[in-house]
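Summary of the model geometry
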Amino acid sequence: MPQMFVNLPVTDLERAKSFYTALGFTINPAFTDHNAACVVVDEGHNYFMILTREFFQTFTDLPLGDNATAPAVATAIFVDSRAEVDAAAEAGLAAGGTEARPAADYGFMYQRQLTDPDGNLIEFGWMDPVAAEQGPEAYAAQQA
């Protein structure tokens, strides 16, 4: 299976590491130094690379924006239950994140969006297994 690394610029690497480990993720020390940390979301598959803004800038000639005022991406992580969504969101809030909008409950899908201390958007979500496999209409038919 391919691996995915999402690169996120941060202003304070230690604060960012604390935030992401509070969400239940771990740090891979083999790919962590004073410029960056590898956050393991799903071992062998999905990772965040949290990079100091100065180091992140070395990967592009374009100017970096300010995610706190103009976010460009939201990364969604889906978990196995609504309770896990709430637990992750509450852990993120306790670790310095914010939640600018209320939870979104679509019946077949439930999401909460956190903003990390640097303005990066992280969404936690749950989707009914029938809807995930067959689409929202199948979930609606199952409820009728």
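Residues numbered from 1 in each chain as written. Predicted model: local features only at pLDDT ≥ 70, side-chain atom pairs only at ≥ 80, totals over all residues. Heavy atoms only, no water.

A word on helix 3 (residues 82-94)
Which entries qualify depends on this criterion: A run of H or I in DSSP counts as a helix once it spans at least four residues, and a run of E counts as a strand once it spans at least two, with each numbered from the N terminus. To estimate the expected span of a helix, count its residues, drop one, and scale the result by 1.5 Å. When accessible area is computed with a 1.4 Å probe and restricted to protein chains, residues below 20% of their type maximum are described as buried, those above 50% as exposed, and intermediate ones as partly exposed. Directions from the helix axis toward the C-beta atoms define the arc.
Here helix 3 spans 18 Å end to end across 13 residues, near enough to the 18 Å set by a 1.5 Å rise per residue. Listing the buried residues of helix 3 in full gives V85, A88, A89 and G92. Considered in projection along helix 3, the buried side chains sweep an arc of 95° and stay on one side of the axis. Residues of helix 3 that are exposed and point over 90 degrees away from its buried face: A83 and A94. Looking at the residues trailing helix 3, positive phi occurs at G96, about 105°.

Overview of the packing of aromatic side chains
Convention followed: Ring pairs shown here join Phe, Tyr and Trp side chains whose ring centres sit within 6.5 Å, with only the six-membered ring taken for Trp; geometry is labelled stacked below 30 degrees between planes, edge-to-face above 60, and tilted in between.
Considering all chains together, one arrives at six aromatic pairs under this definition. Seen in terms of ring centroids, Y20 and F48 are 5.4 Å apart; in terms of plane orientation they differ by 55°. Their pairing is tilted. Of this pair, Y20 sits in helix 1 (residues 13-22) while F48 sits in strand 4 (residues 46-52); the two residues are 28 residues apart in sequence, bridging distant segments of the chain. For the pair shown, Y20 and F48 are each scored as buried. Cluster of aromatic residues (ring-pair linked, three or more members): F19, Y20, F25, F48 and F124.

Some words on the sheet that holds strand 8 (residues 121-127)
Let me state the cut-off plainly: The rule for pairing is simple: two strands pair if DSSP sees at least two bridges between them. Should any heavy atoms of two residues lie within 4.5 Å, those residues are counted as being in contact. The axes used here are C-alpha line fits, helices contributing only the stretch in contact, and every angle between their N-to-C directions lies in the interval 0 to 180 degrees.
Spatially, the four strands line up as an open sheet ordered 5-8-7-6, and their pairing is mixed. Of all strands in the sheet, those bounded by a partner on one side alone are strand 5 (74-78) and strand 6 (104-105). Those strands touched by helix 3 are strand 6, strand 7 (109-115) and strand 8, and its axis lies near 10° from that of strand 7.

Some remarks on the pattern of salt bridges
Short version of the rule: The working definition used for a salt bridge is a side-chain nitrogen of Lys or Arg within 4 Å of a carboxyl oxygen of Asp or Glu.
Evaluation of the coordinates by the stated rule reveals six salt bridges. Among the ionic pairs, R15 bridges to D118, the shortest N-O distance being 3.1 Å. Pair noted here: R15 is in helix 1 and D118 is in the loop between strand 7 and strand 8, with a separation of 103 residues, a long-range link. Owing to a relative accessible area of 34%, R15 belongs among the partly exposed residues under this scheme. For D118, a relative accessible area of 10% translates into the label buried. Two residues, D105 and R82, come together in a salt bridge whose shortest N-O distance is 2.9 Å. Of this pair, D105 sits in strand 6 while R82 is found in helix 3, placing the two residues 23 residues apart along the sequence.

Let's talk about the layout of surface pockets
Stated formally: Cavity means a closed set of points on a 1 Å grid over the protein atoms alone, one where a 1.4 Å probe fits but cannot get out, pocket means an open set with protein on both sides within 12 Å along at least 5 of 7 lines, and lining means a residue has an atom within 4 Å of a point. Grid points are joined across faces, edges and corners, and a volume is the space filled by probe spheres set on the points. Charged residues are taken to be Asp, Glu, Lys and Arg, nonpolar residues to be Ala, Val, Leu, Ile, Met, Phe, Trp, Tyr, Cys and Pro, and polar residues to be all remaining types, Gly included.
In this model, the largest pocket occupies a volume close to 240 Å³. Taken together, 18 residues form the lining of the largest pocket, with P9, F56, L64, N67 and A72 sitting closest to its centre. Listing elements by their share of the lining of the largest pocket, those giving two or more residues are strand 1 (4-10) and helix 2 (53-57). Considering every element that reaches the lining of the largest pocket, the biggest residue donor is strand 1, with three residues. Across the lining of the largest pocket, the residue classes tally to 11 nonpolar, six polar and one charged.

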